[in-house]
Amino acid sequence: MHRLLVLLMLSACGPKESTEPSPEPIAPPPEAVVPLPEPEPIAAPEPEPEPDREPLFFEVDPEGREVRVANRRLNVYRAAKASGRRRAVIEKHYPFAIERRVDGPGCSEGWAALPGGGFVCLNHTETTTEPLRVSPPLVAFVHPGPDDWESYSTEGVYNKDPDKTEVPGLVPYVYAKVWRKWKGPVYKSAESFAAGDSPISRMAYGMKFRFTEVIETDAGTVLERPNGTVIPVDEIFLYPLTDFHGREVDREPIPEGMQVAWVFGYDGGNVRPSPDLNAEVAEVLPYHTELMVRDAPVDEAGHWWEIPDALGPGVSGYVNDQRDIRHWVPRTPPDEVTPGEVWVDVDLGQQVLALREGDDVLFVTMVSTGDVGWATPQGIFRIYDKMIETTMASRAGVEEEDVYYVEGVPWTMHFKPRYALHGTFWHWGFGHRASHGCVNLSPRDARYVFDRVGPTMEAGWHSVFETPDDVGTVVRIRNGDRPVRDRRASLY
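Report on the accompanying structure. Because the structure is a prediction, the values reported are computed rather than measured. (Residues numbered from 1 in each chain as written. Predicted model: local features only at pLDDT ≥ 70, side-chain atom pairs only at ≥ 80, totals over all residues. Heavy atoms only, no water.)

### Regarding the overall build of the protein
Check the secondary structure of the protein and you find four helices and 37 strands. Residues counted as buried form 55% of the 492 residues belonging to the protein. A fraction of 68% describes how many contacts in the protein between residues 6 or more apart in sequence connect residues 24 or more apart. For the protein, the accessible area works out to roughly 21500 Å², and carbon and sulfur atoms hold 48% of it. (Helix = DSSP H or I, 4+ residues; strand = E, 2+ residues; numbered from the N terminus. Buried < 20%, exposed > 50% of the residue type's maximum accessible area, 1.4 Å probe, protein only. Contact = heavy atoms within 4.5 Å. Areas by Shrake-Rupley, 256 points an atom, 1.4 Å probe, with all protein chains shown as cover.)

Right, here's the structure in full:
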């Protein structure tokens, strides 16, 4: 089972583009779809509104500003001209507010200044009475969970009870791939599938695909691709999702003299009556259990931690941070962080991330950083862009075993070209190194951090890029208390 988990955990990192990614999705490589004999043409209808999916939030513009909607993705520029650096990207079909009309060249419908900064050409847009919303909506679909792994990976069976977990409504798409017995036949449309037509193609093996709609037909449930083609839900492997979430310390403070920790061993964490690996195991805590340990180790090497009352009133238990737990270790903020500034602190040694305000901790959780041969860069960086979702792919010319293609990576925050903090749907091994260099977070954790770091994302925007007036959040990536250098790029 551990080998299967490692295969599942192989992580993608970084888009093909460099510092400022294109707003258009990366096209799949030619082998992403394997044709069957004499396929029929694939229709590519415009996507319909999505009333059955919950958005991050809805809000009628409180200031009574004009609200518009576009029939294509739009670039938002720093100046009212279609050149130079971008401020943001506006998602197709998602309403956005404008502050005022402005003059500018190359735009027949005129330019508009936007709240949050930047200017957009109003070509391909129209006024709307729809409420503003942060894109995209979250899909209401129950993926398998980690507890379903054995039954689902071998028999294709999992618990579909929507009340079993908080996973539904956490991700913007359904994620799946062709794997093992799941062959991924592609049908022209939901109507074609329901009519009993033959498939027109099949999805390529191993690549990670996103599906934008779940459609119920008389012949069964299908997942719809952005181009309108569909795949039966039972004929493609659904990625198990975890509802793991770190500790919101600003809401649930850590008791005085304690530290928060989590079990990171897949087989659980062993609690012993004494800080000795030869001591008999008194209790095994389940994977990803949150617990509190004393804020200082009990041994000189610094690897044994006490859990008060773990084995009964007044009877402590002990866990080892190399075998059983990951834990938060407080460190002094760098000089580059001002008092009261919100910033991100990543400890590679413990695989832990903290969202901090000056010296205080607001949120702390486990992550997965670069695996062997794919080190996560250390240093002091800044989040220079945020994207609701993006496609990530390996560079051309890499070894075959290192090729990857991942669609719809949610809540992506780049701090260095091809390196980002982002949500992860293809594994739940947080606390273990598992990425190609990025900082992997659970979907819940990624969304939580994304909403609280700069640059600022406005309603209807898909991507946002920092400016001197809206500087991205500082990110420190360190290994324990070893010093790191300032690697922040110019604000241009």
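### Points about the sheet that holds strand β6 (residues 96–97)
Strands sit in the order β6-β3-β10 across an open sheet of three strands; the sheet is antiparallel. Looking at the sheet topology across the chains shown, the edges are occupied by β6 and β10 (125–127). Of the pairings in the sheet, the one linking strand β3 (residues 67–70) to β10 comprises three bridges and is antiparallel in character. Bridge pairing in β10 links A70 to T125. (Pairing = 2+ DSSP bridges.)

### Let's talk about the packing of aromatic side chains
Within this structure, the stated rule accounts for 23 aromatic pairs. Relative to W182, the ring of W179 has its centre 6.4 Å away and its plane inclined at 5°; by these criteria the two rings are stacked. Residues W179 and W182 agree in their burial class; the two are buried. Here the basic side chain of R210 rests over the ring of Y173, its NZ or CZ set 4.9 Å away from the ring centre. Directly above the ring of F211 sits R225, whose terminal nitrogen or CZ lies 5.6 Å from the centroid. (Phe/Tyr/Trp six-rings, centres within 6.5 Å; stacked < 30°, edge-to-face > 60°. Lys NZ or Arg CZ within 6 Å of the ring centre and 35° of its normal.)

### Side note on the nonpolar core
Residues F211, L238 and V364 are the most contacted members of the largest nonpolar core, which totals 56 residues. With residues near it in sequence (within four places) discarded, V364 still touches G246, R247, V249, V260, W262, W328, V352, L353 and A354. Residues L74, I98, A112 and V120 belong to the second largest nonpolar core, which totals 40 residues. (Core = buried A, V, L, I, M, F, W, Y, C linked by side-chain atoms within 4.5 Å.)

### Describing the pattern of salt bridges
Between side chains of opposite charge, a pair can form as their charged atoms come close. In total, this model carries 17 salt bridges according to the counting rule given. Between E248 and R251 there is a salt bridge, with the nearest N and O atoms lying 3.1 Å from each other. By relative accessible area, which is 14% here, E248 ends up buried. Among the salt bridges present, the one from D345 reaches R478, with a minimum N-O distance of 3.0 Å. Remark: R478 occurs in strand β37 (residues 474–478) and D345 occurs in strand β28 (residues 342–347); sequence separation between them is 133 residues. Its relative accessible area of 0% is what places D345 among the buried residues. (Salt bridge = Lys/Arg side-chain N within 4 Å of Asp/Glu carboxyl O.)

### With respect to the pairing of strand β17 (residues 220–224)
As defined by bridge partners, strand β16 (residues 213–217) adjoins β17 across five bridges and the pair is classed as antiparallel. Along β17, the bridge assignment pairs E213 with E224. The pairing of β17 with strand β18 (residues 230–232) spans three bridges and is antiparallel. Across the sheet, residue V222 finds its bridge partner in β18, namely P232. Connecting the antiparallel pair β17 and β18 is a turn made up of five residues, with G228 showing a positive phi of about 95°.

### A closer look at the environment of N270
The residue N270 is located in strand β22 (residues 269–271) in this model. Along the sequence, N270 and Y318 sit 48 residues apart, while their C-alpha atoms lie 8.3 Å from each other. Sequence-distant contacts of N270, defined by excluding residues within four places in its chain, comprise V281, E283, V284, Y318, V319 and D324.

### Details of the pairing of strand β34 (residues 419–423)
In terms of burial, β34 is largely enclosed, as four of its five residues are buried. Sheet analysis places strand β33 (residues 405–416) next to β34, joined by three bridges and oriented antiparallel. In the strand pairing of β34, H414 is matched with A420. In this antiparallel pair of consecutive strands, β33 and β34, the connection spans two residues, and R418 shows a positive phi of 75°. Bridge analysis of β34 against strand β35 (residues 439–441) gives three bridges, and the strand direction is parallel. By the bridge assignment for β35, H422 is matched with N440.

### Here's the deal with the sheet that holds β16
Strands sit in the order β16-β17-β18 across an open sheet of three strands; the sheet is antiparallel. Each edge of the open sheet carries a strand with a single partner, namely β16 and β18. Neighbour-to-neighbour, the strand axes of the sheet open up by a mean angle of 35°, direction not taken into account. (Axes fitted to C-alpha atoms, helices over the stretch in contact; angles between N-to-C directions.)

### Some remarks on the state of the cysteines
Here a disulfide denotes one covalent bond, and it connects the sulfur atoms of two cysteines. Going through the model one piece at a time under the given rule, you end up with one disulfide. One disulfide bridge connects C107 with C121, the sulfur atoms lying 2.1 Å from each other. The chirality of the disulfide connecting C107 with C121 is right-handed, given an S-S dihedral of about 90°. Note that C107 is positioned in the loop between β7 (100–102) and β8 (111–113) and C121 in strand β9 (residues 119–121), a separation of 14 residues in sequence. With a relative accessible area of 11%, C107 lands in the buried category. Overall, the relative accessible area of 16% leaves C121 in the buried class. (Disulfide = S-S within 2.5 Å.)

### Thoughts on unusual backbone geometry
Here the bond from G454 into P455 is cis, since omega is 5°, no more than 30 degrees from zero. Following the sequence through the fold, P455 ends up in the loop between α4 (443–450) and β36 (461–465). Even without being glycine, H288 reaches a positive phi, approximately 70°. On the basis of relative accessibility, which here comes to 13%, the residue H288 falls in the buried class. Unlike most non-glycine residues, Q351 shows phi in positive territory, near 55°. Along the chain, Q351 turns up in the loop between β28 and β29 (352–357). The buried category is assigned to Q351, whose relative accessible area is 0%.

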